[in-house]
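Now for the letters of each chain:
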Amino acid sequence: MFLMKIGFIGGGHVAQILAAMFIKAGHSIVLTNKHGLDRLEPVIKRLGSKAEAGNLAEVARQDLVVLAVPYKAVFELDEDLLKNKAVIDATNYFPHRDGEFEEVSNHKLASSQLVAQHFIGSKVVKAFNTIPVANLKSLSSDASEDKQIAIPIAGDVEVKDTAEKLIKQIGFVPYDVGDLKESIKFQSDTPLFLFSGDRKSLANKFVQK
Ligand SMILES: NC(=O)c1ccc[n+]([C@@H]2O[C@H](COP(=O)([O-])OP(=O)(O)OC[C@H]3O[C@@H](n4cnc5c(N)ncnc54)[C@H](OP(=O)(O)O)[C@@H]3O)[C@@H](O)[C@H]2O)c1
């Protein structure tokens, strides 16, 4: 049985919706936020007994950590927080919101590569950044893989294997784009951003790019 303890850095839209879907698949989750764990009480109540709020250290102790904060907030976190940890980076970089990150703006680095560089010794995969989370539940389906919505992922091979299992469990099909530098192809300044389609149409979109 594939059951994990999944920590979320962030307790907003992305964290809440993914947490609900992961809990439905049987996993346990820990959420954290910036402005006080008491604010998460109604969220935890809604998510049920497999959810709890915790501090950053508690979140970082889970089997897998999902980054679900504004991009700039990543760089306020301790660089040793996620040493040897499996990490899914669901963030998107928006210069108007996050400020200037020169290497990302000028495409020297994928936004997730800078995240991986920040967290010393982390094993990072980018996933779940392209589809607005408000649409995730309605787009998930138990149809055959060729009909399901494909979710692009890129990064660490071992963590990709875990991310792929999670993606399948919540009713999507993973689309492996390669290593972390390849995630530049589906970050927020690309035509892949906000695109949702099956594996074939996603593949076509990458070719057209
Ligand atoms: N919304 C979408 O559809 C979507 C889809 C894919 C990817 N994304 C990306 O995913 C990320 C999160 O988006 P969102 O819509 O979930 O944002 P959101 O609803 O604004 O939630 C952000 C969360 O991050 C927390 N946070 C901020 N700084 C933090 C820190 N230093 N330590 C711990 N927690 C911190 C906030 O805590 P407080 O609540 O205490 O302020 C809040 O819970 C963004 O990078 C976004 O671009 C969004």
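All chains use their own residue numbering, which begins from 1 and follows the written sequence. This being a predicted model, a pLDDT of at least 70 is required before a residue's local features are given, and a value of 80 or more before pairs of side-chain atoms are given or counted; all residues contribute to the totals for chains, interfaces and linings. Only heavy atoms go into the side-chain values, all of them from the structure, while hydrogens and water stay out.

Some thoughts on the sheet that holds strand β2 (residues 28–32)
Pairing between the strands of a sheet comes from backbone hydrogen bonds, and it takes one of two forms, parallel or antiparallel.
Working step 1: Spatial ordering of the open sheet is given by β3-β2-β1-β4-β5-β6-β7-β8, a layout of eight strands whose pairing is mixed. The sheet terminates laterally at β3 (51–53) and β8 (173–178), the two strands that pair on one side only. For this sheet, the mean inter-axis angle between neighbouring strands, taken without regard to orientation, is 25°.
Working step 2: Bridge count for strand β1 (residues 5–9) against strand β4 (residues 64–67) is four bridges, and the pairing is parallel. Looking at β4, one finds that I6 is bridged to L64. Two strands are counted as paired when DSSP detects at least two bridges linking them. Each helix is a run of H or I in the DSSP string that is no shorter than four residues. Each strand is a run of E no shorter than two, and both are numbered from the N terminus. For helices, the fitted axis covers only the stretch in contact; all axes are lines through C-alpha atoms, and the angles between them, taken along N-to-C directions, range from 0 to 180 degrees.

Examining the site of the ligand
Working step 1: The full set close to the ligand counts 26 residues, and H13, V14, H35, V69 and V133 are the nearest of them.
Working step 2: A 3.5 Å cut-off defines polar contacts: any pair of N or O atoms within that distance qualifies, except that in protein one atom must be a possible hydrogen donor and the other a possible acceptor, and neighbouring residues in sequence count only when both atoms are side-chain atoms. V14 places a main-chain nitrogen or oxygen 2.9 Å from an oxygen atom of the ligand.
Working step 3: Measuring from an oxygen atom of the ligand, one finds a backbone N or O atom of K34 at 2.9 Å.
Working step 4: Only the protein chains shown count as cover for residues, and the accessible areas themselves come from Shrake-Rupley with a 1.4 Å probe. Considered on its own, the ligand offers 900 Å² of accessible surface; in the complex 80% of this is hidden by protein.
Working step 5: Amino acids outside the nonpolar list (Ala, Val, Leu, Ile, Met, Phe, Trp, Tyr, Cys, Pro) and the charged list (Asp, Glu, Lys, Arg) are all regarded as polar, and Gly is one of them. Along the lines of polarity and charge, the residues of the shell around the ligand split into 14 nonpolar, nine polar and three charged. The near set for a molecule or strand comprises every residue that places at least one heavy atom within 4 Å of it.

A word on the nonpolar core
Working step 1: The definition of a nonpolar core used throughout is a set of buried Ala, Val, Leu, Ile, Met, Phe, Trp, Tyr and Cys residues joined through side-chain atoms within 4.5 Å. Working definition: with a 1.4 Å probe on protein chains only, accessible area under 20% of the residue-type maximum means buried, over 50% means exposed, and in between means partly exposed. Residues I6, F8, F22, I29, L31 and F128 are the most contacted members of the largest nonpolar core, which totals 37 residues.
Working step 2: Those elements that provide at least two residues to this core are β1, α1 (13–24), β2, α2 (41–47), β4, β5 (86–89), β7 (150–155) and α9 (157–169).
Working step 3: Top element by residues in this core is α1. It accounts for six residues.
Working step 4: V30, V59, V69 and V74 belong to the second-largest nonpolar core, a separate cluster that totals 23 residues.

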